[in-house]
There are 4 protein chains.
Amino acid sequence: MVNVGIIGAGRIGKVHTQGIITGVRNAKIKTIADPFMNDDTAAWIHSMDSSIEVTKDYKEILADEEIDAVIICSSTDTHSPLSVEAIKAGKHVFCEKPIDHDIDKIKEVIDALKESNVKYQVGFNRRFDHNFKAVKDAVVAGKIGDPHIIKITSRDPEPPSPAYVAVSGGMFLDMTIHDFDMVRFLAGCDATEVYVQSAVLVDKGIGEAGDVDTAVITLKMENGAIAVIDNSRKAVYGYDQRAEVFGSGGMVATRNDSLSTAVISNADGVTGEKPLYFFLERYMDSFREEMNQFIGAIENDTDTPLGVMDGLKPVLMGLAAKKSVEEHRPVAISEIMM
Amino acid sequence: MVNVGIIGAGRIGKVHTQGIITGVRNAKIKTIADPFMNDDTAAWIHSMDSSIEVTKDYKEILADEEIDAVIICSSTDTHSPLSVEAIKAGKHVFCEKPIDHDIDKIKEVIDALKESNVKYQVGFNRRFDHNFKAVKDAVVAGKIGDPHIIKITSRDPEPPSPAYVAVSGGMFLDMTIHDFDMVRFLAGCDATEVYVQSAVLVDKGIGEAGDVDTAVITLKMENGAIAVIDNSRKAVYGYDQRAEVFGSGGMVATRNDSLSTAVISNADGVTGEKPLYFFLERYMDSFREEMNQFIGAIENDTDTPLGVMDGLKPVLMGLAAKKSVEEHRPVAISEIMM
Amino acid sequence: MVNVGIIGAGRIGKVHTQGIITGVRNAKIKTIADPFMNDDTAAWIHSMDSSIEVTKDYKEILADEEIDAVIICSSTDTHSPLSVEAIKAGKHVFCEKPIDHDIDKIKEVIDALKESNVKYQVGFNRRFDHNFKAVKDAVVAGKIGDPHIIKITSRDPEPPSPAYVAVSGGMFLDMTIHDFDMVRFLAGCDATEVYVQSAVLVDKGIGEAGDVDTAVITLKMENGAIAVIDNSRKAVYGYDQRAEVFGSGGMVATRNDSLSTAVISNADGVTGEKPLYFFLERYMDSFREEMNQFIGAIENDTDTPLGVMDGLKPVLMGLAAKKSVEEHRPVAISEIMM
Amino acid sequence: MVNVGIIGAGRIGKVHTQGIITGVRNAKIKTIADPFMNDDTAAWIHSMDSSIEVTKDYKEILADEEIDAVIICSSTDTHSPLSVEAIKAGKHVFCEKPIDHDIDKIKEVIDALKESNVKYQVGFNRRFDHNFKAVKDAVVAGKIGDPHIIKITSRDPEPPSPAYVAVSGGMFLDMTIHDFDMVRFLAGCDATEVYVQSAVLVDKGIGEAGDVDTAVITLKMENGAIAVIDNSRKAVYGYDQRAEVFGSGGMVATRNDSLSTAVISNADGVTGEKPLYFFLERYMDSFREEMNQFIGAIENDTDTPLGVMDGLKPVLMGLAAKKSVEEHRPVAISEIMM
């Protein structure tokens, strides 16, 4: 049984709390820390499991010798320093994505891990989704031959506020970063070059905040394949999350999930349900599964499925994408300094 | 918080144990009883929740004043006597289907409930499945107008042994009974007449045991609609579970669920995944949801969604179906004695 | 080159005129006869092919030695006498379905053919439709093993007038007759017994005219399979024409055709197009193809794909269906006198 | 009735011959010219319509005062000079795509049209395909709001020979040119900039001939939308022809067409048919329809749906795409000289 402490009791902290309690064998949440911990949050936590301890001070978790692993669900700017601190405290670390927007900060985590023996996993949960996993499995099984073209459609149901994008690092670092990871996952290799065609079509405020809200991103992969991601901050029909890999031997593609398969035929047409609304609805199972794999890696002393380098690479891709927009040209990943 | 005792730790008992632990708020399993309780079963139970008490004697559950509700997951022949005994002990009862094959035995449960104040729910879980619920919702919302034709396809992936059908009551009582309930659910009324065209096409042994393995069952409904069920004991592509309701204003229909939406296109065609294999894969969420509703009915002192009469009616339909096969004619439900 | 005369220039006569001109090689329409031939009809014919002769008297066609084959598209009550007359005139005959509602009249056609050497084909066009043909091909190729359950959904977009059903022979003889043929085609054998559950749910006037408008028809087939047809006179979403064959080795099923594959996703759902409206839209290619096969049989002196017995059998099934409704019991095909 | 002469009796010339005969009212093919006209070709033509005159000399068509319109189906290098010659002879011209690879040659056609009064149409047939037309109709009807992202998937079933690509102008001018037209059609405006990520993954010989066989092409549109085309010379599952338009109000997308809707479920999965093999199978109806519109424009003296500028623009896009590959950067359409 692995004892776990969770740092951060916001939306994603609650997702992992619920995921572990309802679906992760061999893990027990001992403590949840949040600087804004209040009665409501504590009550929610205790309705899930009355034995969980709550605190405002994450240092209690790091100091607790009974806690084996820490799940970092705090705000993005604290991911890398908390990672370093937890690693130095000898805790295994599951860190939500992105580790940081600053390459130097991620390097500090890399350095801390070199001097340590703990497990480190970064939270690109979509790899554990049933649909994307099925695509990967088909590719690995050779069912589509050598990949030639990898296509990701990733569109959110609602745009964030302009205030958010001003601090999030922008669309490429807060949203596309998942798609960059997916491209690496499905191609089975890294990207070498990025080109972005982007626009502000959803919310002018996002443009005024210095970001874009619509983009088509083309990538050259190490194995020769071409990848293309299309993003929008607003799909009125809901969360659009699809992948297609085309290769020398065929193609594998996914559709969206919906609440049911019911289809109504009437005078207006033949109508099925919209995609599941957003990531909490669409990806709950994948949050549980990534945690199962993290706990499994600790128990069996194996590599985590997504190490610190898997946390770094999509950030490099995101920074290259931003540079491509600024300089209106294809940008090599190698141009992004480390 | 509702304290629960489970009688029977076989396959369906384990399903409910897992379902309650991972998905039913406000319920706590206190004790699980099974005459064949052994170390393996106890170990499995304790890996789920170490605080659950285990016993070979269900009477401990009925005598336990801290236990509010009993979930009957024992063999079919014990459903009705255990129901009566639990009701008399003042416990709320969730009873797996069917209550009994013998109408008189079900009447004893009905009589016991008349003298009592407990909640009673019977386990027709499919009503709580996302797909069938979406069909019902569409009908209730008037999206297809008045129902004219109700179609249920229900085919198992593998036939049971001839030995099983000899004691199960036969296909109409062990398998079609779910479809009879579904027809009532979707039509919103009872059937008045049943006609069966059946055959032994899957396994001659089933025929030798006095049963059929393939059938098309036509039903006349109180509201004038016609229902038709097609059953097979063996679909090589997996569990085939679909519904279609056609009416004056349109049609609503469901497809099967599968593990993912991935589709592979290659020289052989365009191939998606098979349906989920069988009821444990297909209906796990519905088992959790029916239990949530049972616990909710206790907490809020409301009617359960499926009372004892909902347990009786499909048995009457199953007995009428058997009579239709024997006498090779349409049989009115009213011909089945009560 | 086969010279053809068409008797009847109503809707189906025009369909065959257009079909032959645009898609049947080796056939030339020489003359079209219709007792109500007028300037408009003649103008329409000549816009298609200015060399076609028009007449009010079908006997001109039968007397024309240059004409090899006659296509009978006149009203149903004239099908059998015109068939006999054409056969005796030594013409090959393509006769629209049904040959007659009166078995004795069909026997006269059978007798005439015995003394003759001409080809005779009856117009069950759906066998030549791309979807139904693909189902048949899958069955014949053994891809679903031995057929166990055959399901036909056949629903019209609009009901006929009560006046029409009073003379058409009723739903089983004017509409279901196509489905009876399809069941024989897909099963590869004859039906032995029919049971009908029917209702008047679409138009009370149809009931007052002595007919039904909604039905589920169960059939026992010679090879042990069970077939089931569901019919409605009115599907608000358009012409619903589907087939499914389930067997020991799998299942083959078709969807409806629509004008395009375009699907619109918006806030209301994910909506595709309705089925093609009615038989002219849905089956135009099959009308052309059945005629190609008829002309081919003449040219190559081979059997037609659908002989006079294939015209008789669905009428027997339709008469058995009517008897089943009247007597509220399963009716053996052998009960229908010949 | 419009009298037509066809220049070129190769594959596409035969397509138009058949299309006109079987589906274009008000047009009559008077003469077909081909420098390689032989007995076989003449026999094929006469089997379609015995009254068509055949010749080796296209000048007979241009000199024939009874001929109103010329359909140019000859080799690509002759499209522009024949267009000019036919225009000067006062004939309406339907010219297969592309008009030319040389912008100056297309300008000569533009100049000839300025001094003339004839209709000119270029053969981008896909605009008349049922699926692409449905997408366009949905966009025009406002069903998806303002277009933001336009996606075209266009993959051939088999690569051409390296010898072919050496003279065809390469993939962007012989294959993608259709997709460039489609992007303009669906966006309702021109592209301003093109960026190409391309590779040689299908056939090294194509690379040695100086061309690519796999590409993702990103385009910036005048209305702010982003378009992306993905191309491959070889999809083992057949001709992959899909479009998707995503906008402020929703999305419209098409699937491929196949021969039937039949789906087989068995132990291997749930398998539908492959897409129709190639353009003759997929687009036959669109070839007929573009010709109907051309004849209609002549009869009604209206604009053709695709004028000479619609022939020019995709060539500019193709040349910009080639320059993008050569110079590894986004290229403005305005950089391509006129």
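The shown structure was predicted, so the numbers you read here are calculated from the model rather than taken from an experiment.

### Here we look at the interface of chain B and chain D
Next, step 1: Facing the 11 residues of chain B at the interface are 11 residues of chain D.
Next, step 2: Only β13 (263-266) and β14 (269-272) of chain B provide two or more residues apiece to the side of chain B that touches chain D.
Next, step 3: The dominant element in the side of chain B that touches chain D, judged by the number of residues it contributes, is β14(B), at 4 residues.
Next, step 4: The residue makeup of the side of chain B that touches chain D, split by class, is 4 nonpolar, 5 polar and 2 charged.
Next, step 5: When β14(B) meets strand β14 (residues 269-272) of chain D, the two strands line up antiparallel, connected through 3 bridges. Each residue of the ladder has a partner; that of Thr271(B), found in β14(D), is Thr271(D).

### Here we look at the domain arrangement of chain A
Frequently, the measure chosen for interface size is the accessible area that the parts lose on association.
All names here are of chain A.
Next, step 1: Here chain A is partitioned into domain 1 (2-118) and domain 2 (127-283 + 313-335).
Next, step 2: When each unit is reduced to the centre of its C-alpha atoms, the spacing between domain 1 and domain 2 is 28 Å.
Next, step 3: At the interface, 6 residues of domain 1 touch 5 residues of domain 2.

### Things to note about the interface of chain C and chain B
Next, step 1: Listed as interface residues are 25 residues of chain C and, on the opposing side, 25 residues of chain B.
Next, step 2: Within the residue set of the side of chain C that touches chain B, elements represented by two or more residues are β7 (147-155), β8 (191-199), β9 (214-221), β10 (226-232) and β12 (250-253) of chain C.
Next, step 3: For the side of chain C that touches chain B, a count of residues per class yields 12 nonpolar, 9 polar and 4 charged.

### Things to note about the pairing of strand β5 (residues 92-95) of chain A
Residue and element names in this part refer to chain A.
Next, step 1: In β5, alternate side chains face the same way, and those of His-92 and Phe-94 on one face and Val-93 and Cys-95 on the other are all buried.
Next, step 2: By the bridge criterion, 4 bridges tie strand β4 (residues 69-72) to β5 in an arrangement that is parallel. Bridging from a neighbouring strand, Ala-69 pairs with His-92 of β5.
Next, step 3: Running through helix α4 (residues 76-88), the crossover from β4 to the neighbouring parallel element β5 is right-handed.
Next, step 4: Bridge analysis of β5 against strand β6 (residues 120-122) gives 3 bridges, and the strand direction is parallel. For Val-93, the partnering residue across the bridge sits in β6 and is Tyr-120.

### A short note on the sheet that holds strand β4 (residues 69-72) of chain C
Residues and elements named next belong to chain C.
Next, step 1: Sheet architecture is open: 6 strands sit in the order β3-β2-β1-β4-β5-β6, paired in parallel fashion. Only two strands of the sheet have a single neighbouring strand rather than two, namely β3 (53-55) and β6 (120-122). Across this sheet, the average inter-strand angle for adjacent strands is 20°, counted without regard to direction.

What counts as what
- Residues numbered from 1 in each chain as written.
- Chains lettered and ligands numbered in written order.
- Predicted model: local features only at pLDDT ≥ 70, side-chain atom pairs only at ≥ 80, totals over all residues.
- Contact = placed C-beta atoms within 7 Å.
- Helix = DSSP H or I, 4+ residues; strand = E, 2+ residues; numbered from the N terminus.
- Nonpolar A, V, L, I, M, F, W, Y, C, P; charged D, E, K, R; others polar.
- Pairing = 2+ DSSP bridges.
- Domains from an automatic or database assignment.
- Buried ≥ 20, exposed ≤ 12 C-beta atoms within 10 Å, placed from the backbone.
- Right-handed = clockwise from strand over helix to strand, strands pointing away.
- Axes fitted to C-alpha atoms, helices over the stretch in contact; angles between N-to-C directions.

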